[in-house]
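Listed below, chain by chain, are the residues.
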Amino acid sequence: VNTKQTNKAYRLLQLALKHLELRPCATHWQIVMGGYVALGNTKKLKDMINSMKARGPFPTRKHYHLLLSVMDRDPGVSINEFKTILNEIRQHRVTFYSSTLAILERKGLSGADWQQLAEEYRAWCDVPPLPAEQIRNWMKELMDTLEERGRKAFELHLLRLQHKGFFVNEDTLDIIIERARI
């Protein structure tokens, strides 16, 4: 996105969200976020992450990394603000991203608190997986929702489950695609 057009692009995303048949995908969000990265607009990136969490698609490690990369360049951002975002990443079980670790390690050169935060992030990424039984239950809920209430209800339910720690991987995606064809 040309930085001069970033606000217009964001307004287009917002318009698309009002019409459920026009749902921006993760890549659309990432492109517009890239414009705000170039502008160094931390607040707008936080707003976009919050909007994605509320309406979908759920932010990925790349979306969070874009936010953290701008926060890294903003001298007014505290370590506590970084911790807030990293806690959110952990809570939602967003997968490890070496580029995020690189930001934290670079900041670690400026003090022990940052070094500790980098170590915590590395440890958080070793969060034990959810029990298989829980994933099976959630998959059943999702498939029942798809069959009984349709795609839009399915997407909303998937978003709620992502907030609880469910994420789509190769195995769950195969099941969803297969069941959606029936």
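Here we summarise the structure given alongside this text. Since this is a predicted model, take the numbers as computed values, not measurements.

### Some words on helix α2 (residues 26-39)
- Between its terminal C-alpha atoms α2 stretches 20 Å, which fits the 20 Å expected from 14 residues at 1.5 Å a residue.
- Taken together, the buried positions of α2 are occupied by W29, V32, M33, G35, Y36 and V37.
- Two residues or fewer past α2, G40 is found with a positive phi of approximately 70°.

### As for the environment of L117
- With respect to the helices, strands and loops of the structure, L117 is situated in helix α7 (residues 112-124).
- Taking C-alpha positions, L117 is 7.6 Å from K83, a pair spaced 34 residues apart along the chain.
- Contacts of L117, omitting those with residues within four sequence positions, involve I79, F82, K83, L86 and L104.

### Notes on the packing of helix α4 (residues 61-73) against helix α6 (residues 98-108)
- At their nearest, the axes of α4 and α6 sit 10 Å apart, and the two run at 20° to each other. Regarding the angle of α4 to α6, the classification is roughly parallel. Helix-helix and strand crossings are classified by hand; for α4 and α6 the assignment is left-handed. For the pair α4 and α6, contact is made by H65, L68, S69 and D72 and by S99, T100, I103, R106 and K107, respectively.
- Taken together, the residues that form the contact of α4 with α6 break down as two nonpolar, four polar and three charged.

### Topic: the pattern of salt bridges
- Enumeration over the complete set of coordinates arrives at 10 salt bridges.
- In this structure, R122 engages E105 in a salt bridge whose closest nitrogen and oxygen atoms are separated by 2.3 Å. A residue pair is termed long-range when its members are at least 10 positions apart, and R122 in helix α7 and E105 in helix α6 qualify at 17 residues.
- With a relative accessible area of 30%, R122 lands in the partly exposed category.
- Taking the relative accessible area as the measure of exposure, E105 reaches 37% and is therefore partly exposed.
- The salt bridge involving D144 is made with K140; its shortest N-O contact spans 2.8 Å. Residue D144 and its partner K140 are located together in helix α8 (residues 132-149), separated by four residues, close to a single helical turn.
- Where salt bridges share partners, they join D72, R106 and K107 into one cluster.

### So, the packing of aromatic side chains
- Taken as a whole, this structure holds one aromatic pair when the rule is applied.
- Consider the rings of F82 and W114, whose centres lie 5.0 Å apart with planes at 85°: the pair is edge-to-face. With F82 in helix α5 (residues 79-91) and W114 in helix α7, this residue pair connects regions lying 32 residues apart in the sequence.
- Residue F82 is classed as buried on the basis of its relative accessible area of 0%.
- Sitting above the plane of the W114 ring, K107 keeps its charged end 4.8 Å from the centroid.

### Observations regarding the side chain of K107
- Locating K107 in the fold gives a position in helix α6.
- What K107 contacts, discounting residues up to four positions off in sequence, is D72, F82 and W114.

### What about the side chain of H157?
- The topology assignment puts H157 in helix α9 (residues 151-163).
- For H157, a relative accessible area of 14% puts it in the buried group.

### Details of α6
- Restricting attention to buried positions, one finds in α6 the residues T100, L101, I103, L104, K107 and G108. Down the axis of α6, the buried set is contained in an arc of 155°. They therefore lie on one face.
- For α6, the secondary structure elements touched by its buried residues are α4, α5 and α7.

Definitions and cut-offs
- Residues numbered from 1 in each chain as written.
- Predicted model: local features only at pLDDT ≥ 70, side-chain atom pairs only at ≥ 80, totals over all residues.
- Heavy atoms only, no water.
- Helix = DSSP H or I, 4+ residues; strand = E, 2+ residues; numbered from the N terminus.
- Expected span 1.5 Å × (residues − 1).
- Buried < 20%, exposed > 50% of the residue type's maximum accessible area, 1.4 Å probe, protein only.
- Contact = heavy atoms within 4.5 Å.
- Axes fitted to C-alpha atoms, helices over the stretch in contact; angles between N-to-C directions.
- Parallel < 35°, antiparallel > 145°, perpendicular 65-115°, else oblique.
- Left-handed = near helix turned anticlockwise from the far one by under 90°.
- Nonpolar A, V, L, I, M, F, W, Y, C, P; charged D, E, K, R; others polar.
- Salt bridge = Lys/Arg side-chain N within 4 Å of Asp/Glu carboxyl O.
- Phe/Tyr/Trp six-rings, centres within 6.5 Å; stacked < 30°, edge-to-face > 60°.
- Lys NZ or Arg CZ within 6 Å of the ring centre and 35° of its normal.
- Arc of directions from axis to C-beta.

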